[in-house]
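Below, each chain spelled out in residue letters.
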Amino acid sequence: MAKNRKTVRKAFEYRNCDDFAAYLNHMARQGWHFKEWRAGLVFEKGDPEESTYTVEVFSGASEYDTYPEPQTKEFAEYCEAAGWQFIDAMRKFVVFKRIREDAVPIMTDEERLDSIAKATRKDIWHPVFFSGIYMALRIMNFSVSFRREIFSDISLMFTAVFCLMFVAALLRCGQFYLWQRCCKKRLEEGKHLFFGKGRQTFEQRWYLWVDCALLLVMFLVLVLKGQTALALVPVIVVGIILIPAFFMAKKRPDSATIQVTGILSGAVSVLVVICLSVFLVARESEKEKILPPPPLTYADMGINLELAKVSSVRQEKSIFGTWQYFSLDYGHDYLYYQVFSADSNWVLNRLWEEETDGKVNETRYDCTDAWGAEEAFRNNAGNYIVRYADVFWVICPSLEESLTQAQIDSVIAALKEG
């Protein structure tokens, strides 16, 4: 029996429903007759024949229908009275086979265009909406904490990927509306519309290939950066979603079962993300227990204070430069500092603005000459903000007295060497 049936996994867009029908006609001439959807197009072996299939897009159906719902069946009954035998339906696709020579077209070209446009509109705007939100959130992160974002290759990669996805989604929308305009122009000229490219191949969805390529790049970057666990998060979530979707397409359950499965898949995905996030945080905490030696301590300045521990170290590196943060605990005293290094002036300018602008009540004591810098000052909190051509330092000691010139020279030597 298995030799008499086969499943072909081809996908068509609504705009290519006539290509879909042409493909079914082609298969019928080879003796393979379309029977139903089961995680693909199911064909049954029979005698070769010249069949005439038509594939309509019924906008009254749901994108999540896996089998004919009542409204689709009602539409099918209306078409059968016009000489078309209903074969099967999936999503908004409805497949018919002509059973009478005098069968009239189910829809006019105007009606088909309107139905296809309604069915496609939601599908093309959803990616724009979601990728746009993610892109906006990523860009907002730069305004909230520029230093954390600009010196993280992973953060920059996520931002670039979502921006490219948003652009691809917009291009897809533009392509659709251009296609719709061309169709309307043909109708005004009295020409017949053919919904497809006129060849028996499934539509190459370029935007899906773009998204898949971007996700692959994202995965590879995370793996190369040693973030394998983080890279597995989207893979696991996609698997949680796609595996049930495949079995639902295979078994074709009712809409209630689909809704319950969708809710459970979403809940499991959220749970997996939470668990993996906890694991990643725990792993990062473990990493922080082994901290590299700081380039600058009070001992380097000739100050006799005993270092209790290195509280925190953060080192980030990206294509724009590096950021190092060290926090040293001296019991009742402390020393923490940040070292920014970048070849791009605009990065250092933005960091300088982030560190100095908007602090109207801050008293600043200029010490540019003492540091031999382009600009340097000590504020009323005792912190030193120092900028050179390609380096920017923020040094925060707990000392009440200002640093002497000898101590400043020691800091310069330690940080430039480190």
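Before reading on, note that the structure itself is shown above.
Below: a short report on this structure.

So, how was this worked out
- Residues numbered from 1 in each chain as written.
- Predicted model: local features only at pLDDT ≥ 70, side-chain atom pairs only at ≥ 80, totals over all residues.
- Heavy atoms only, no water.
- Phe/Tyr/Trp six-rings, centres within 6.5 Å; stacked < 30°, edge-to-face > 60°.
- Buried < 20%, exposed > 50% of the residue type's maximum accessible area, 1.4 Å probe, protein only.
- Axes fitted to C-alpha atoms, helices over the stretch in contact; angles between N-to-C directions.
- Helix = DSSP H or I, 4+ residues; strand = E, 2+ residues; numbered from the N terminus.
- Parallel < 35°, antiparallel > 145°, perpendicular 65-115°, else oblique.
- Left-handed = near helix turned anticlockwise from the far one by under 90°.
- Nonpolar A, V, L, I, M, F, W, Y, C, P; charged D, E, K, R; others polar.
- Pairing = 2+ DSSP bridges.
- Salt bridge = Lys/Arg side-chain N within 4 Å of Asp/Glu carboxyl O.

Here we look at the packing of aromatic side chains
Overall, the coordinates contain 32 aromatic pairs when judged by the stated rule. Ring plane angle 25° and centroid distance 5.6 Å describe the contact between Y334 and Y336, whose orientation is recorded as stacked. For Y336, a relative accessible area of 31% gives the class partly exposed. Both rings, one in W352 and one in F377, keep their centres 5.9 Å apart while their planes meet at 85°; by these two values the pair is edge-to-face.

Concerning the packing of helix α3 (residues 109–144) against helix α5 (residues 153–188)
Relative orientation of the contacting elements α3 and α5 amounts to 160°, with a least axis distance of 8 Å. Taken together, the axes of α3 and α5 lie roughly antiparallel to each other. Of the two possible hands of crossing, α3 and α5 adopt the one that is left-handed. Class assignment of the residues belonging to the contact of α3 with α5 gives a composition of 24 nonpolar, six polar and seven charged.

A short note on the sheet that holds strand β6 (residues 93–98)
Overall, antiparallel pairing links the three strands, which are arranged β4-β6-β5 in an open sheet. In this open sheet, the two strands that pair with only one neighbour each are β4 (53–57) and β5 (84–90). The mean inter-strand angle of the sheet, taken between neighbouring strand axes irrespective of direction, is 25°. Two elements, β5 and β6, share six bridges in a ladder whose sense is antiparallel.

Regarding the pattern of salt bridges
Opposite charge on two side chains allows them to pair when their charged atoms are near. By the definition in use, this model includes 17 salt bridges. As a salt-bridge pair, R38 and E36 come within 3.4 Å of each other at their nearest N and O atoms. Connected through shared salt-bridge partners, R5, E36, R38 and E44 make up one network.

With respect to the pairing of strand β7 (residues 309–318)
As judged from the nine bridges shared by β7 and strand β8 (residues 321–330), these two strands associate in the antiparallel manner. The residue of β8 that forms the bridge with K317 is T322. Between the antiparallel neighbours β7 and β8 lie two residues.

Take it as geometry only, folks, not as evidence of what the structure does.
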